[in-house]
Structure formats: C-alpha cells, structure tokens
Amino acid sequence: MTVIKKIISVLVAGLLPLVCWASLPSADKSRTETEGMEVMEGFARALEKIAHVHTKPHIAPKPEKPQSVPKSSSKPQVPAKQEKPQNAPQIAPKPKTREAQLEALVHAKINEVRKKYTLGVLQWNDTLASIARLHSQDMAKRHYFSHDTLPDPKNADIRKRNPPAGFAWRYEAGGFHEEIETKRTTQTFPDGSTQTDIVYGTGAENIFQAMFGGGSPALSSIAEEVVDGWMKSKGHKKNILTPHWIREGIGVAIDWSQGYEDIYVTQDFC
C-alpha cells in the first residue's frame, strides 16, 4: 500500500505541471515547451526512483515437525504379552529320551498283537499321544493310578480343579474332537424301506503302572511287560482288539522321586 500511495503522489505531482502547461497561451510557446520538457524529465526521474524501490522479500514459514514422528530419545514400544486362552488345547511337555523310546516300543508291540489277530494296525496320532502323556505325567507327579483325573483345587484351570469322571473330557481338553463309527444297524420296514442307525464312539483308554528298584530292565522288556499285562486283563484286551479303532497315542512318564523307577503308561484309542 505504501508503494501504491507513493506512485499516486508522484503522478499527481507530475500531472499538475502538465495540466498547467496544456493551458498556457500559445504566444509564449518556446518558453513553455522548455518548461514542459523539464517537467517531463523530472516526472521520468521520479518514476525511475519508484521502480527501484526495494520491497522486503517474503520468507516462507518454517514447516513444523509432524507430531507422529517419534523423538530420537523415546523408548521403543514393547508389545503386550498375549495371554493364553482359557480353553486352548492342553499340550504335553516333550518326553525325555527314555520315555519317548518306550512309547515307540509299546506302540510297535500293540500292532504286532493286532496283526496276530488279523486286525488292521493302529496309526500313531500325535494329539492322542499328547493327551495320553499328560495323564501319565499327572499320575507320576501326584502319585495316583486311575482313569479319573485327581482333582487339583489350587489349579487355575477349572477343568483340573474339578475334572469329570472318566477320560473323555481329556480328549476335548487336548483338542481331539474326532469320533469313529462303532456300530451300524439297518432296519427294514414292511413297505420295503430301510433305516440305518450309526453309533459313534470317542475312544477308549488303557493305563499301566510298573515299579523297578535296584536297576531298570531293558526298554524292550518293559514294553513287552506292559502289553502282556494288558492282554491278561479282559477289559484292556478288548480295547486292544476292537476292530474299529484306527489310531492310537501312547504316553509314558517316569518318576524317580521315591528312589526307584516308577513308570506310568497311558494308551488312548480312536
């Protein structure tokens, strides 16, 4: 605005002489021409000065630092630890070498028996083995022997504080939800139509305990003793020779806390 006002004031100052010059009588023409030229030159010099007026340069504002950029001194964020879901499948700890070897030997011996009775071999199932191993480890740790899990009042898991009777709940707790056809019956009606009823089973379980003091026998001998002991029991033998089972898991736990080798074996079928 200051520059514009200055230009206007100069223009006014220059125009007034021009107006006066244009109104002068023609008789004094030469003199007035000289005076008019001087006025024009003064006006031109004034305009030249205005053209060279320096204005203050415009400085762009310094950009602000984005708020999302972390400071160099700030500590990295540590992700929060994820809690294990309450109903997550229970997975048994990895067995020790001697326990894993005995599991494999018992499994092989079971299939030898089934072949002898012209039955199909049982496939090894890791989930069933984990379920069986958990039960053997629990029996070895708390020194009991039963298909029913011993209640643990102080356990954070409600399934272990007050476990149901039997073994079926351990299948679900271990993440095994498969069932297998155990019986099929077909009924024929007078009109010729038929109806087939199918019964499904969750599985079956065998358990074994043996104690050895004064030195442990060879693992092959222990595996033979386990399977022979089951075959001498009517209920255990029935489970081993049931035709419709197609898979199994063997879980072994060994405890030395009482000064002798205390072996627990669990066999789960489906």
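The structure presented is a predicted model; accordingly, all values stated were derived computationally and were not measured.

Peer 1: What am I meant to see in helix H3 (residues 97-116) here?
Peer 2: Three- or four-residue spacings in an α-helix give side chains the same orientation, since the helix completes a turn every 3.6 residues. Compared with the 28 Å implied by 1.5 Å per residue over 20 residues, the 29 Å span of H3 between its first and last C-alpha is a close match. Looking at H3, one finds that the buried residues are Glu99, Leu102, Glu103, Val106, His107, Ile110, Asn111, Val113 and Arg114. Phi turns positive, to about 55°, at Thr118, one or two residues after H3.

Peer 1: What am I meant to see in the sheet that holds strand S6 (residues 261-269) here?
Peer 2: Sheet strands associate in pairs through backbone hydrogen bonding, adopting either a parallel or an antiparallel arrangement. Reading across from one edge, S1-S5-S6-S4 is the order of the 4 strands in this open sheet, with mixed pairing throughout. Each edge of the open sheet is held by one strand with a lone partner, namely strand S1 (123-124) and strand S4 (204-212). Here 8 bridges tie strand S5 (residues 247-255) to S6, and the two strands are oriented antiparallel to one another. Each residue of the ladder has a partner; that of Ile254, found in S6, is Ile263. Along the sheet face, helix H4 (residues 126-142) touches S1, S4, S5 and S6 and points at about 25° away from the line of S5. Sitting on the sheet, helix H7 (residues 219-231) touches S4 and S6, and the angle it makes with S4 is about 130°.

Peer 1: What is the right way to look at the packing of aromatic side chains in this model?
Peer 2: How two aromatic rings sit relative to each other is given by the distance of their centres and the angle of their planes. Taken as a whole and judged by the stated rule, the model has 4 aromatic pairs. An angle of 55° between the planes, with centres 5.4 Å apart, marks the rings of Phe167 and Tyr171 as tilted. For the residue pair Phe167 and Tyr171, the accessibility class agrees, reading buried in each case. Aromatic pair Phe208 and Trp230: ring centres 6.4 Å apart, planes at 85°, arrangement edge-to-face.

Peer 1: What's the story with the nonpolar core in this structure? I'm lost.
Peer 2: Generally speaking, soluble globular proteins have nonpolar side chains that are buried together. Counting 33 residues, the largest nonpolar core has Leu102, Val106, Trp230, Ile240, Ile263 and Val265 as its most contacted members. Sorting the residues of this core by element identifies H3, H4, S4, H7, S5 and S6 as the ones contributing at least two each. The element contributing the most residues to this core is H7, with 7 residues. Contact partners of Val106, with chain neighbours within four places excluded, come to Ala223, Val226, Val227, Trp230 and Ile250. If you look at the next biggest cluster of nonpolar residues, it comprises 6 residues, including Ala140, Tyr144, Ile207 and Ala253.

Peer 1: Where do I start with the pattern of salt bridges in this structure?
Peer 2: Note on pairing: side chains with opposite charge can pair once their charged atoms come close. In total, this model carries 8 salt bridges according to the counting rule given. Ionic pairing is found between Asp157 and Arg159, a salt bridge with its closest N-O pair at 3.0 Å. Classification of Asp157 as buried rests on a relative accessible area of 12%. A salt bridge links Arg247 to Glu178; the nearest nitrogen and oxygen atoms lie 3.3 Å apart. One end of the pair, Arg247, is in strand S5; the other, Glu178, is in the loop between helix H6 (168-173) and strand S2 (180-188), with 69 residues separating them in the sequence. Since its relative accessible area comes to 16%, Arg247 is described here as buried.

Rules behind the numbers
Residues numbered from 1 in each chain as written. Predicted model: local features only at pLDDT ≥ 70, side-chain atom pairs only at ≥ 80, totals over all residues. Heavy atoms only, no water. Helix = DSSP H or I, 4+ residues; strand = E, 2+ residues; numbered from the N terminus. Expected span 1.5 Å × (residues − 1). Buried < 20%, exposed > 50% of the residue type's maximum accessible area, 1.4 Å probe, protein only. Pairing = 2+ DSSP bridges. Contact = heavy atoms within 4.5 Å. Axes fitted to C-alpha atoms, helices over the stretch in contact; angles between N-to-C directions. Phe/Tyr/Trp six-rings, centres within 6.5 Å; stacked < 30°, edge-to-face > 60°. Core = buried A, V, L, I, M, F, W, Y, C linked by side-chain atoms within 4.5 Å. Salt bridge = Lys/Arg side-chain N within 4 Å of Asp/Glu carboxyl O.

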